[in-house]
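# Structure at a glance
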Amino acid sequence: MPVEMRMWRIDGQNPKPLTPAALPTENELHQFLRQDPSLLGTALLVIGSEVITPYGKRLDLLAIDADGNLHVLELKRDRTPREVVAQVLDYGSWVSTLSRDDVIDIAEKYLGQPFEASFEDVFGVAPPDELNGELQLTVVASALDPSSERIVTYLRGFGVPINAVFFTYIEDDDRRYLARSWLATSDERSASGSAKSAAKRAAWNGLDWYVSFGGDRSWDDAGRLGFVSAGGGKFYSQTIRALPEGARVWVNVPQVGYVGVGIVTGPAVRFENARVTVDGASVPLATQPLTGSYTHQGAETDDDAEWVVPVTWLRKVPEKDAYWEKGLFANQNSACKLRQEFTLDRLAQHFDVQGDSQ
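Residues numbered from 1 in each chain as written. Predicted model: local features only at pLDDT ≥ 70, side-chain atom pairs only at ≥ 80, totals over all residues. Heavy atoms only, no water.

Okay, unusual backbone geometry next. Look at E50: it is not a glycine, yet its phi comes out positive at around 55 degrees. Residue position: E50 is located in strand β4 (residues 45-52). Not every positive phi belongs to a glycine, and N132 is a case in point at roughly 65 degrees. Within the element layout of this structure, N132 appears in the loop between α4 (115-123) and β7 (135-141). (Helix = DSSP H or I, 4+ residues; strand = E, 2+ residues; numbered from the N terminus.)

Structure representation (structure tokens):
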């Protein structure tokens, strides 16, 4: 049987039932969700409203979550359960095919600014490399009838990523309330059956890498002597050791910004074995005057050691001139492939480096 939402106001010892009322229009519910999709109980960024599909239909709301997964939100309005469920499934079949570029194009037309900046405004981080890896279909209604419940429950049993939410509108004197109920709880939601494809992941040009250079290390050391480094645990050391010779690295100092770009000129080596070039001569890095600290407790093991990668800088700036803007890519890994086109374009312009050439 359908879910029912009831509310009471406590006046002294006597609970007073509040009577649900009808929303003035379901368009008002559409506007509520458009302005604040967190009404659904999770952080979402609306990237499209009344999105026109290739079939001439209009999808009510298209949103994205912090993991880059898309959410199709379709209002029931006055349609029958069969009609609204068929409609949301039809929209889902189209949305599941959208590539990363398609998603960004839809978003930027609606948002009026770079998608990456809007994403960071809501979630506090740059968007992931993969967008639309999974899909969630949600029927939004001001009331949930038994037929809708049966259909949605049946489809979920076959792994269709569909749910239903309804909002109860309540008036109490001069106050208005909106209460939310899901047909199925979050831990009951079915896994998405949508197929992943390479088109939904940002393409990698085979050249550019992101490097995070922080902690007790000194960018002044690295910029002056030509290296990047990381270590102090497997999570940090394994990715810096993966940097290949010839890679172009864009260096970000966490909480500061991007400070340089250069070309890797050799393999990673442990700090005590690293050599740098000073006045034309190759000398041990450990013998140079260093501001930062590059030693770790337990560094006798490779995983815990500091690993140094030699770099020839193409462009570098002091930390006070670091470059950052909303939407730029950042990652906890010491090094990873840099795929995000927005970041690459902005960095190439700022550091005056050609986009895909050495």
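With that settled, consider the environment of S93. Here S93 shows up in helix α2 (residues 81-95). You can call S93 partly exposed: its relative accessible area is 40%. Through-space distance from the C-alpha of S93 to that of L135 is 9.9 Å; in sequence the pair is 42 residues apart. Of the polar contacts made by the side chain of S93, one reaches the backbone oxygen of D90; its length is 2.6 Å. (Buried < 20%, exposed > 50% of the residue type's maximum accessible area, 1.4 Å probe, protein only. Polar contact = N/O pair within 3.5 Å; in protein donor to acceptor, adjacent residues only side chain to side chain.)

A word on the packing of helix α3 (residues 100-111) against α4. Their axes nearest at 9 Å, the elements α3 and α4 cross at an angle of 75 degrees. Looking at the two axes, α3 sits roughly perpendicular to α4. For the pair α3 and α4, contact is made by I104, A107, E108 and L111 and by F115, E116 and S118, respectively. By residue class, the composition of the contact of α3 with α4 is 4 nonpolar, 1 polar and 2 charged. (Axes fitted to C-alpha atoms, helices over the stretch in contact; angles between N-to-C directions. Parallel < 35°, antiparallel > 145°, perpendicular 65-115°, else oblique. Contact = heavy atoms within 4.5 Å. Nonpolar A, V, L, I, M, F, W, Y, C, P; charged D, E, K, R; others polar.)

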